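Residue strings, one per chain:
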Amino acid sequence: MEEEEIMWKLDSNSVESATIGRVMSTLLSSRPRKLQEAIFRFGSNPHQTSVSSSDESLWFLNKYVTDAVEKKDSLDQILVPMIESSLKYRGRKHSNQPMIILNWLFQEKLLCKALVTSLATMISRKEDRYIALGWCTLVRELLEVEITMTQPTKNGVSENYYALLEILCACIPRLTVIMCDGSGLQDGSELPTRLSVAAADCFLALTEALTRKTLLSKVPSRNNASNSVVALSRIAENKVEPVTTSSEASNNVELDWLLWDHLDELIVLVQKLVAWNRKSRPLYAKGLEQVLKWLEEIKSHYGNFPDEADKKILKTGVLLLSSCWKHYSRLLHLEDHKISQHYKDLLEQYLSGIQFYTENCTEKRTENGDTTGIETRKFFLNCLSLLLGRFDQQQFDRIMLEYGIEISNALLSQFHSADEDVIEGSFSIFKAAVFKANYSSSQSRSTGTSMMDSVVPSLLDLLNERNVTSKAVVMLVAEYCFINTDGHCLQEILKLLDSPNALQRTNAVDVVRELIRISSDSVHVLSNSMQDVAKRLLERLADEEPEIRSNTSNLLPMIDPSLIFPSLVHLFYSSDERVCLSASDALIAVLKYHSEKHEVIFMLLDSLSNLTQSLDIPDSSRDKGQGGSMLDFDKVRMLIAEWSKSVKDWKLLIEPLIDKMLAEPSNANIVKFLSHISEHLADNADIVFSRVLLHMKGQELDKSFFARPDSRTCTSNDSDAFTRSLFDRLCPLLIIRLLPLRVFNHLQSRVLYGQCNEVLLHASKNGDIDMNRHDCVATLLMNRAFGKFEFEDVRKLAAELCGRFHPKVLFPIISSQLEHAAESQDILKIKACLFCICTSLVVRGWDPKFCNVLLKVRNSIEKVLLWRSLEGDEVSKAQHGCIDCLALMICAEVQTPESIRNSSTSENIVAGKMCSRSPTLNYVISQLMHGKHEFMSPPKLNSKTYISESSFPLPFRICMANTLISACQKISDIGREPFAQMTLPHLVHSIEVVRDQEIRAACIQVVFSVVYHVKSAVLPFAPDILEVALKSLREGSEKEKMAGAKLMASLMASEDPILECISEGLLEARSLLSVMSSTDPSPDLRQLCKKLLVCLTSP
């Protein structure tokens, strides 16, 4: 029995559902007029069991809804078909059936409340996007029904409008969520979906309905525009005083507060509208931004008054929001075709309002801080932006043809305002309305151009001041110059650059800056005028106003560098300090702006080179040298330092810079430039070496430049070809020379050293290195240094660079090369090898790990020093190189930290022991003093026969003395004391025991050099040195006496501590000098003694 009841109920519900479905289908498919007629007849028709007509359908629907309300059943079966119908027939004429049905049902308050409540909850209950879309459509139609419906029936919607709004306002948060979730990104812009658009419009319709009864019921026409202006102005100034009944007033207040309660949702809504329209409708988006700013100001100003005492202030904010939102909400709908029907009335209202408040209100502030008329003008400008911004291009052009002049005149008057928002709003509209209108027909295009031309003089007049207005005008004029094809406006701006009015010049610079910014990404006719623009701007670097000079310096980087560099570099070397400083700032700005464009650096270098040849270079900027007048490149150093800080990727620059120098080997400016960025070159050394290696491998030397391989003298008649070849071979070496020493420490660098073991392995027996087997910089440099045919300057520089190699690579190869060269008597190779070794000792110092290799070098040097030579011949030159090399070896050994530490011990000072840590010094002094090793006699230059003697010949021992003298000259300050302690005791002793007069004289000459060069370091040995001088004067040969007199003079010229130390001996010296100045047979010696005696006897 229970099962039968359940089945009966299920069947009953199914039948009822099917019936209500047919009823709704019948009613929604009826013609609106027949449906309204059926509603009129409702109540007089008999009850029927079948649904076959509109009357019967209405009866069944009423019965169904009434029962459902009593039973609190769902009304979705009524509402869903209406939602679907609204969505299906949206925007069509004669599709008002859902509104007619709801209006009829709403005549009973109980049914109205139930239906609206069910409708309000449906948006949250139903997750179906189709239902949500139809819901938004239906609710918007319902809210606007009193405007769209005109039927002679009792209006249920109007009678229950307040209750309907109160219930539907609860849906605003849900609509906000739908609106926000319906946005998506496309090409970086936020775009709405169909559902989010419908939700936003429904939101706007609902909030607009909350304001409807407090404002004007219809839009005034042009005839009563003045009255409309007053009414709208009172809205914006918060002076609305609606005349209503007490019940209406109560309802209105409630609706106002409902709107205020959703202020946060309003802000979110406008934020979304801004995002959706920013790219597609910029003017409309600008108006939205101003509305958003106004809403946030309302919230900030009126939203923090919780106390009862501040209730009045809060009510003011509530009323202001309701008053203005009525008009804003009307203009914010995304889908609203009705507004185009009466846009002229709205446009005339807004223009009249702007004009009225511009002419009749000042901008003075009132007692409460408000500015009379400003807020009203901002309100009208916002409305004008929203109205004009929502039209498509064709509609916009049509409006501008009719109202363009009136709009431009109204907006021009706003540029005199002191309020930034007024100027900004006017600027946005003016820019879109006047300068960017796309006139399609020839007649409209002519009208538009005429309108633009007519307003430009008025805009230029506003450039006489520096204020908010001028900033806006700068933007507008730049826009006009950009779209104006004849260039007339630009020429007017360029004239202002020469104006005696500093403010006009400043504004003109700003216009040019903005114009360049606008046109930077487009191919425009402006390019034809840029030469003139660049010329005028360069002239402003000499302007009297610092601001103009600074602005110009910052603007020049935006111009094609090729148009400004030659003149800018010339100004940089101007004798006018003010111009020079401005040009310097401009150059730095240009270089930084194009920090990684090598073409710009090339322009700088080429401009410097061209200016070097110019006759207009001031004398103060010249540096006389071998190449004629040269620019003071030190001025450029500051520019390079600032520019280099802005470079992020040096790899983009280094290769082109190296290639440019290789292409222009005689350009000294490039060398100087690269020297200032040497550290950055070092950080990318492999790139530098790769380019240099590639260039060097492709070079071929024309051997016709050399007549004889031995003399290496150039006999070419073609001096230009000779010079080009010389510079071409020098250039890659100069680039390598710019690099700091640390780059040569990378033993693993294949481009620099290749396989170090291979370099050693393939060094052939005659000392040459096969360049074809070793594709690295090191082997190429060695071939340049040791090659048979090479320019002398190239050979020297290559040898110097070889000296920078890491000792592990250099010394094994050089010692072998020097040994072979000494055996073959190859003077050129000997000098190159010695130069390599000297360079290494100077730049790297002494390394005990290579003592054995340097011993091999010393043996080769000894062999060369034993050769016979004549003064000035090639052998003597090679021997001078040997002497310098030995001297540098001594200096390097003596200057080691361990030698310096040992120099402070008393043992060394007292005993004067030879420091075992300086084997070269030990060797040199031993050979000078004793010379008792059996060697083959030195050969003639072209002979391999040696002279066999029981000891080294005198010239060889004299070379040892010269080595010590050279070491005295080269020793550093830190090595003076250990050098003196290691040398003087033995020299003083040798003078006493050596029998050979020539050697004694040489030793005295060495002591003189020690005293002269090492100065205070000889203090411990000063008495002994004085005794040597006196003894040589008394007993020595003529050479010894002369050397002794010079030694005496050196002691007498020493510092005070040394003079005090030898003061007692100077008495004997005075007597001896007195005798010798009159009795010695040598006139030169007598003259010298007289001078010394005068020094001793004078007070």
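Residues numbered from 1 in each chain as written. Predicted model: local features only at pLDDT ≥ 70, side-chain atom pairs only at ≥ 80, totals over all residues. Heavy atoms only, no water.

Peer 1: Could you give me a rundown of the overall build of the chain, with the residues and numbers involved?
Peer 2: Broken down by element type, the chain carries 54 helices and four strands. For the chain, buried positions account for 52% of its 1099 residues. By sequence separation, contacts in the chain at least 24 residues apart represent 73% of the contacts at least 6 residues apart. Total accessible area on the chain stands at roughly 51,500 Å², and carbon and sulfur atoms take up 50% of it. (Helix = DSSP H or I, 4+ residues; strand = E, 2+ residues; numbered from the N terminus. Buried < 20%, exposed > 50% of the residue type's maximum accessible area, 1.4 Å probe, protein only. Contact = heavy atoms within 4.5 Å. Areas by Shrake-Rupley, 256 points an atom, 1.4 Å probe, with all protein chains shown as cover.)

Peer 1: Which residues make up the pattern of salt bridges, and what are the values?
Peer 2: The full count for this structure, using the stated rule, is 47 salt bridges. Where D543 meets R505, a salt bridge forms, and the shortest distance between an N and an O atom there is 2.8 Å. Here the residue D543 occupies a position in the loop between α26 (530-539) and α27 (546-555), and R505 occupies one in helix α25 (residues 502-519), the gap between them amounting to 38 residues. Across the pair E1040 and R1000 runs a salt bridge, and its minimum N-O distance is 2.7 Å. With E1040 in helix α51 (residues 1038-1052) and R1000 in helix α49 (residues 997-1014), this pair connects stretches of sequence that are 40 residues apart. Here the residues in one salt-bridge network are D498, R505, D532, R536, R540 and D543, joined through shared partners. (Salt bridge = Lys/Arg side-chain N within 4 Å of Asp/Glu carboxyl O.)

Peer 1: Help me get a handle on unusual backbone geometry, residues and values and all.
Peer 2: Its identity is not glycine, yet Q825 carries a phi of approximately 55°, on the positive side. By the element assignment, Q825 lies in the loop between α40 (807-824) and α41 (827-844). Taking relative accessible area as the criterion, Q825 reaches 14% and is therefore assigned buried. Even without being a glycine, K1015 presents a positive backbone phi close to 60°. Tracing the backbone through its elements, the reader meets K1015 in the loop between α49 and α50 (1022-1035).

Peer 1: Can you explain the nonpolar core? Please cite residues and give values.
Peer 2: L61, W135 and W325 are the most contacted members of the largest nonpolar core, which totals 348 residues. The element best represented in this core is helix α43 (residues 874-894), accounting for 13 residues. (Core = buried A, V, L, I, M, F, W, Y, C linked by side-chain atoms within 4.5 Å.)

Peer 1: Before we move on, can you summarise the pairing of strand β1 (residues 183-186) with the specific residues and values?
Peer 2: Pairing of β1 with strand β2 (residues 189-192), which is carried by four bridges, proceeds in the antiparallel orientation. From the neighbouring strand, Q186 faces β2, where its bridge partner is S189. A loop of two residues connects β1 with β2, the two strands running antiparallel in sequence, and D187 in this loop sits at a positive phi of about 55°. (Pairing = 2+ DSSP bridges.)

Peer 1: Go over the packing of helix α47 (residues 954-970) against α49, please, and point to the residues and values.
Peer 2: Where α47 meets α49, the closest approach of the two axes is 8 Å, and the angle between their N-to-C directions is 5°. One finds that α47 runs roughly parallel with respect to α49. Contact residues: L954, R957, I958, A961, L964, I965, C968 and Q969 in α47; E998, I999, A1002, Q1005, V1006, S1009, V1010 and H1013 in α49. Counted by class, the contact of α47 with α49 contains 10 nonpolar, four polar and two charged residues. (Axes fitted to C-alpha atoms, helices over the stretch in contact; angles between N-to-C directions. Parallel < 35°, antiparallel > 145°, perpendicular 65-115°, else oblique. Nonpolar A, V, L, I, M, F, W, Y, C, P; charged D, E, K, R; others polar.)

Peer 1: Break down helix α10 (residues 161-168) for me, citing the residues and quoting the values.
Peer 2: Since one α-helical turn is 3.6 residues long, residues separated by three or four positions face the same way. When α10 is considered as a whole, its buried residues turn out to be Y161, L164, L165 and L168. Taken around the axis of α10, the buried residues stretch over an arc of 95°, which confines them to a single face. (Arc of directions from axis to C-beta.)

Peer 1: Mind laying out the packing of helix α4 (residues 76-88) against helix α5 (residues 97-105), listing which residues take part and the relevant values?
Peer 2: Taken N-terminus to C-terminus, the directions of α4 and α5 make an angle of 145°; their axes are 9 Å apart at the nearest point. Residues M82, S85 and S86 of α4 form the contact with α5, whose own contacting residues are P98, I101 and L102. Across the contact of α4 with α5, the residue classes tally to four nonpolar, two polar and no charged.

Peer 1: Lay out the environment of Y328 with the relevant residues and their values.
Peer 2: One can find Y328 in helix α17 (residues 311-332). Between the C-alpha atom of Y328 and that of E208, which follows or precedes it by 120 residues, the distance is 8.8 Å. Beyond its immediate sequence surroundings of up to four residues, Y328 is in contact with V291, W294, F379, N382, C383 and L386.

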